[in-house]
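Here's the letter readout for the chains.
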Amino acid sequence: MKLLLLNLLAAICVSAHPAAATGSTSCTVKSYADFSTCVASKSATILIKGPFTIPAEKVVDMTKLQANTHVILSGKVKFAKSSKLDGDGPALMSVGGAGIIFESDATNPGILDGTGELYWDGKGGNGGVPKPKMFRTSTTGNSVFKGFTILNAPVHVFSIGGSDTTFDNIKIDMSLGDTKGGHNTDGFDVSGNGITIQNSWVHNQDDCLAINKSQGKGVKFINNTCIGGHGISISVKEGGIVENVLVKDCVVKQSTNAIRIKTLYQAKTGHVSNIAYNNVQFDGITKVGVSIQQDYLNGGPTGKADSKMPITGVTFTNVGGNMASGSKAKALYLLCATGMCKDISFTGLKIKAASNNLKSTCSGITPVPSGAGCNQLGTV
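Residues numbered from 1 in each chain as written. Predicted model: local features only at pLDDT ≥ 70, side-chain atom pairs only at ≥ 80, totals over all residues. Heavy atoms only, no water.

Undergrad: Looking at this model, I keep getting lost on the overall build of the protein chain. Mind explaining?
TA: When you go through the protein chain residue by residue, the secondary structure sums to three helices and 31 strands. For a compact globule of 380 residues, the expected C-alpha radius of gyration is about 21 Å, and the protein chain comes in at 23 Å, within 12% of that figure. For the protein chain, the spread of C-alpha atoms along the three principal axes comes to 95 × 40 × 35 Å. Expressed as a percentage of contacts within the protein chain between residues at least 6 apart in sequence, the contacts between residues at least 24 apart total 72%. (Helix = DSSP H or I, 4+ residues; strand = E, 2+ residues; numbered from the N terminus. Rg over C-alpha atoms; globule rule 2.2 N^0.38 Å. Contact = heavy atoms within 4.5 Å.)

Undergrad: What is the right way to look at the sheet that holds strand E12 (residues 158–160) in this model?
TA: Strand pairs in the sheet, formed through backbone hydrogen bonds, run parallel or antiparallel to each other. On the basis of which strands lie adjacent, the open sheet formed by eleven strands has the order E4-E6-E9-E12-E15-E18-E21-E23-E25-E28-E31 and parallel pairing. Edge positions in the sheet fall to strand E4 (60–62) and strand E31 (361–363), since each of these pairs with one other strand and no more. In this sheet, neighbouring strand axes are inclined to one another by 15° on average, regardless of whether the strands run parallel or antiparallel. In the sheet, E12 pairs with strand E15 (residues 188–190) via three bridges, with the strands oriented parallel. Bridge pairing in E15 links serine 159 to aspartate 189. (Pairing = 2+ DSSP bridges. Axes fitted to C-alpha atoms, helices over the stretch in contact; angles between N-to-C directions.)

Undergrad: It is not clear to me how the pattern of salt bridges should be interpreted in this structure. Could you clarify?
TA: Think of it this way: side chains of opposite charge can pair up when their charged atoms draw near. Inspection of the entire model under this criterion finds four salt bridges. Taking the shortest distance from any N to any O, the salt bridge between aspartate 113 and lysine 76 comes out at 3.8 Å. Remark: lysine 76 occurs in strand E5 (residues 70–79) and aspartate 113 occurs in strand E8 (residues 110–113); sequence separation between them is 37 residues. We note a salt bridge from aspartate 164 to lysine 217, for which the minimum N-O separation is 3.0 Å. Placement of aspartate 164 in strand E13 (residues 163–168) and of lysine 217 in the loop between strand E18 (209–211) and strand E19 (219–222) is noted, with a sequence separation of 53 residues between them. (Salt bridge = Lys/Arg side-chain N within 4 Å of Asp/Glu carboxyl O.)

Undergrad: Please explain the nonpolar core as it appears in this structure.
TA: Soluble, globular proteins show a tendency: their nonpolar side chains are buried together. Judged by nonpolar contacts, the single largest core of 88 residues is most densely connected at Ile48, Met62, Phe102, Phe135, Phe158, Phe188 and Tyr277. Considering every element that reaches this core, the biggest residue donor is strand E24 (residues 271–285), with six residues. Excluding residues within four positions of it along the chain, phenylalanine 102 makes contact with Ile48, Met62, Val71, Leu73, Met93, Val95, Phe135, Val144, Phe145, Lys146 and Phe148. (Core = buried A, V, L, I, M, F, W, Y, C linked by side-chain atoms within 4.5 Å. Buried < 20%, exposed > 50% of the residue type's maximum accessible area, 1.4 Å probe, protein only.)

Undergrad: Looking at this structure, how should I read the side chain of serine 74?
TA: Among the secondary structure elements, serine 74 is positioned in strand E5. With a relative accessible area of 7%, serine 74 lands in the buried category. When sequence neighbours within four positions are dropped, the list of residues in contact with serine 74 reads Ile48, Lys49, Gly50, Asp105, Asn108, Pro109 and Gly110.

Undergrad: I'm lost on the side chain of threonine 185 in this one. Help?
TA: Here threonine 185 is to be found in the loop between helix H3 (177–180) and E15. Exposure remark for threonine 185: the relative accessible area of 0% places this residue in the buried category. Looking at threonine 185, its side chain comes within polar contact range of the main-chain nitrogen of glutamine 205, at 2.8 Å. Filtering out sequence-adjacent residues up to four positions away, threonine 185 remains in contact with Trp120, Ala153, Pro154, Val155, His156, Val157, Met174, Asn204, Gln205 and Asp206. (Polar contact = N/O pair within 3.5 Å; in protein donor to acceptor, adjacent residues only side chain to side chain.)

Undergrad: I keep staring at the layout of surface pockets and nothing clicks. Help me out?
TA: To find the voids left in a structure, one rolls a probe of water-molecule size over its atoms. Put simply, the largest pocket is a space of about 1,100 Å³. Those elements giving two or more residues to the lining of the largest pocket turn out to be strand E23 (257–264) and strand E25 (288–296). Among the elements that make up the lining of the largest pocket, the one with the highest residue count is E25 (five residues). (1 Å grid on protein atoms, 1.4 Å probe; cavity = no way out; pocket = protein on both sides within 12 Å on 5 of 7 lines; lining within 4 Å. Points joined across faces, edges and corners; volume = space filled by probe spheres on them.)

What follows is the structure, given as structure tokens:
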């Protein structure tokens, strides 16, 4: 009788806990406390089942997942506002491991809500209240993130490191930030290698894509839509290297810029090379359609190119669209330090400027690339 009671009590204790034991096939997360249990369990499948809320000052650490773990997100997981977490610390959610699949449930779509509207003050990461980044990845080995939505990150949404990882059919909806003070809400910040981002949709208030560094296999950005931010960017600081980038079949709408490459003012080392833009269309661009600038500082461009960081082998093929009306907008802006921009080519560049836009300008680049429309009001 005593043994029977002990066995019964043990069974009740096990069934009362929503997470599975070590070595099980699957493990279910229904609250913040279950994440650490499921990661430690080394389960083949982790089921994140919302709705539930991550407490303030807490982050989700999934950086030590077993290789080939399959994570399925269903329902909404909300992150309560924190007062101490900021962009220099851990992201609200971090995922790492080899061969990881992190995807939405097909019948109950997964949503991660960063409650950014409780942080936004128009200053982003440049001041105001502390704001944590949303989602950091360090995955490798042909990992995949697929099909889920991120709402209202406090600042930068994805901070992508690691290698050989694909982001497919991701929706980043920061549209509320248009009227509520969203700032520095970059969609995809990439510093990894062999990264593919495809079939995704971003509405934000900063770069849709910002490639900071990537070598070897580089970055592919294919069939994506960018709305409301600063467009598709390569942004390189001192010593940074960005090479082997393909941007293809993308659309940029109602943004300040469509395509831009910017390198640090007075950079001494690093390079940008082998960059291809194919069939990128845009509309409602308020600042610059296509730009290459070597005068970048975090506080704003200097207007004077000074760099020893070469930009070489950049091709624009079937790129174009419509500029918004405005006396400060221009279709194309090339500002290069002498001899630092080489093998820049334009084929089928078709940008329609508004009658009150500025003429395109090209300086520091010899010979001036044909088809760029330098000193013209657009190219069509």
